[in-house]
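Here's the letter readout for the chains.
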Amino acid sequence: MLPENPRQKRFIEGSAEEYLRNLDALSRHVAVGAAPHSVRACPAEWIRDISREAFRRGWPLHLHVSEQRGEVEQCQAEHGTTPALLLERLGALRDTTTAVHAVHFSQRDIAALGRARATVCACPTTERNLGDGVVRADLLLAAGVRLCIGSDSEVQLSPLEDARELEYHLRLLQEARAVLDLEPAGVGGLGARLYGVASEGGMRSLRLPGGALRPGDPADFIVVDLDDPSIAGANADDLMANVVFGMERTAIRETWVGGEPLRLDFEGALPGFRAAMRRLWG
């Protein structure tokens, strides 16, 4: 095990018990999940204890898993196995576990997550930006692993961009089209499936209701302009494909959360935002 990096000190807690105490205190005010960063950041026994408490409390459990080759090599050197199989050994893989990134997976890793019915949170923008590699979403889905997408990035925040890149990266890798169209996708086809990964898959990963606008679910949705040039001319049969693979942010007109419209003053927020960005980049 490597000594702690002083530059990371503000992210480090002294024990699993300290982490769980802090998380418990926070849970009294907001919904929480447990996220011991990764097997390279936390001792194995910490992950074991935190995951046990998360499962007992009904919290989702998120960890970075096999983002880079070096992480896998370090885990094999220290524990004699891969990060995913170490999590299985520690009892940390369940259907409420989400493995973030999951780029460098072996067939055994994929099978382990499939057995657990766990989720993989792919972050294609980050994985492309950092040169991590390509998430084998096709193999994960075939093994019964569930998918969602995330950002883990300061470069760009665009769920639809990440959804389409999940497919596009595989097209480049395999020199084929519609790679994730593994079975008849029903109404909306591949576009609807990828939108579901971005929307409902994310809510499931967080153990929150919603993401599909079913009766009784939270009314969280966006309103788009069907005449925006990026999707103009789309009909009911191909709208979802156009939204996922072509829609620009210019098409978004309103955002609703819990049945209430968000009143966002972008122009008023810009001066403060610019000042914050200058401090960060200065």
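So, on to the layout of surface pockets. Estimates place the volume of the second largest pocket at around 1,100 Å³. Here the lining of the second largest pocket gets five residues from one element, more than from any other, and that element is helix 3 (residues 69-79). In terms of residue class, the lining of the second largest pocket is built from 16 nonpolar, six polar and five charged.

One non-glycine residue, A102, adopts positive backbone phi at about 55 degrees. Within the secondary structure layout, A102 lies in the loop between strand 2 (97-101) and helix 5 (107-116). Judged by its relative accessible area of 2%, A102 is buried. The backbone of L213 shows a phi angle near 55 degrees, a positive value even though the residue is not glycine. Topologically, L213 is positioned in the loop between helix 10 (200-205) and strand 5 (221-224).

By the definition in use, this model includes zero disulfides. Here C75 stays free of any disulfide, with the sulfur of C42 as its closest cysteine sulfur at 12 Å. Relative accessible area serves as the criterion here: at 4%, C75 is assigned to the buried category. C148 supplies the cysteine sulfur nearest to C121, a cysteine that is in no disulfide, at a spacing of 3.8 Å.

Next up on the list: the sheet that holds strand 6 (residues 252-257). The strand order 5-6-7 describes an open sheet built from three strands, whose pairing is antiparallel. Edge strands, defined here as strands with exactly one partner in the open sheet, are strand 5 and strand 7 (260-261). As judged from the two bridges shared by strand 6 and strand 7, these two strands associate in the antiparallel manner. Pairing of V257 across the sheet is with E260, part of strand 7.

This next bit is on helix 12 (residues 266-281). Since the α-helix turns once every 3.6 residues, residues separated by three or four places project in the same direction. Between the first and last C-alpha of helix 12 there are 21 Å, a value that for 16 residues agrees with the 22 Å anticipated at 1.5 Å per step. Along helix 12, the sharpest kink reaches roughly 30 degrees, centred on G272.

Within the largest apolar cluster, 56 residues are counted, with the highest numbers of intra-cluster contacts made by L113, V120 and L166. Element by element, the count of residues in this core is highest for helix 2 (residues 44-57), at five residues. Leaving out residues up to four positions away in the same chain, L166 has contacts with A122, P124, A137, L147, I149, L180, L194 and V197.

Let us look at the sheet that holds strand 4 (residues 146-149). Within the open sheet, the four strands sit side by side as 1-2-3-4. Their pairing is parallel. Both outer strands of the open sheet, strand 1 (61-65) and strand 4, are each paired with one neighbouring strand and no more. Looking at each pair of strands side by side, their axes are set apart by 30 degrees on average, direction ignored. Packing against the sheet, helix 8 (residues 159-174) makes contact with strand 3 (119-122) and strand 4, and its axis sits at approximately 135 degrees to strand 4.

It is worth spelling out helix 5 at this point. For helix 5, the complete set of buried residues consists of D109, I110, A112, L113, G114 and A116. Turning to helix 5, the residues buried within the fold contact helix 4 (83-89), strand 2, strand 3 and helix 7 (137-142). In the stretch just after helix 5, R117 is the one whose phi turns positive, near 55 degrees.

Turning to the packing of helix 8 against helix 9 (residues 189-198), a few remarks are in order. Between helix 8 and helix 9, the least distance of the axes is 9 Å, while the angle of their chain directions is 120 degrees. With respect to each other, helix 8 and helix 9 are oriented oblique. Crossing geometry of helix 8 relative to helix 9 is assigned as right-handed. Along the contact surface, helix 8 presents P159, L160, A163, L166, E167 and R171, while helix 9 presents L190, L194, Y195, V197 and A198.

Cut-offs applied
Residues numbered from 1 in each chain as written. Predicted model: local features only at pLDDT ≥ 70, side-chain atom pairs only at ≥ 80, totals over all residues. Heavy atoms only, no water. 1 Å grid on protein atoms, 1.4 Å probe; cavity = no way out; pocket = protein on both sides within 12 Å on 5 of 7 lines; lining within 4 Å. Points joined across faces, edges and corners; volume = space filled by probe spheres on them. Helix = DSSP H or I, 4+ residues; strand = E, 2+ residues; numbered from the N terminus. Nonpolar A, V, L, I, M, F, W, Y, C, P; charged D, E, K, R; others polar. Buried < 20%, exposed > 50% of the residue type's maximum accessible area, 1.4 Å probe, protein only. Disulfide = S-S within 2.5 Å. Pairing = 2+ DSSP bridges. Expected span 1.5 Å × (residues − 1). Bend = angle between axes of the 7 residues up to and from the residue. Core = buried A, V, L, I, M, F, W, Y, C linked by side-chain atoms within 4.5 Å. Contact = heavy atoms within 4.5 Å. Axes fitted to C-alpha atoms, helices over the stretch in contact; angles between N-to-C directions. Parallel < 35°, antiparallel > 145°, perpendicular 65-115°, else oblique. Left-handed = near helix turned anticlockwise from the far one by under 90°.

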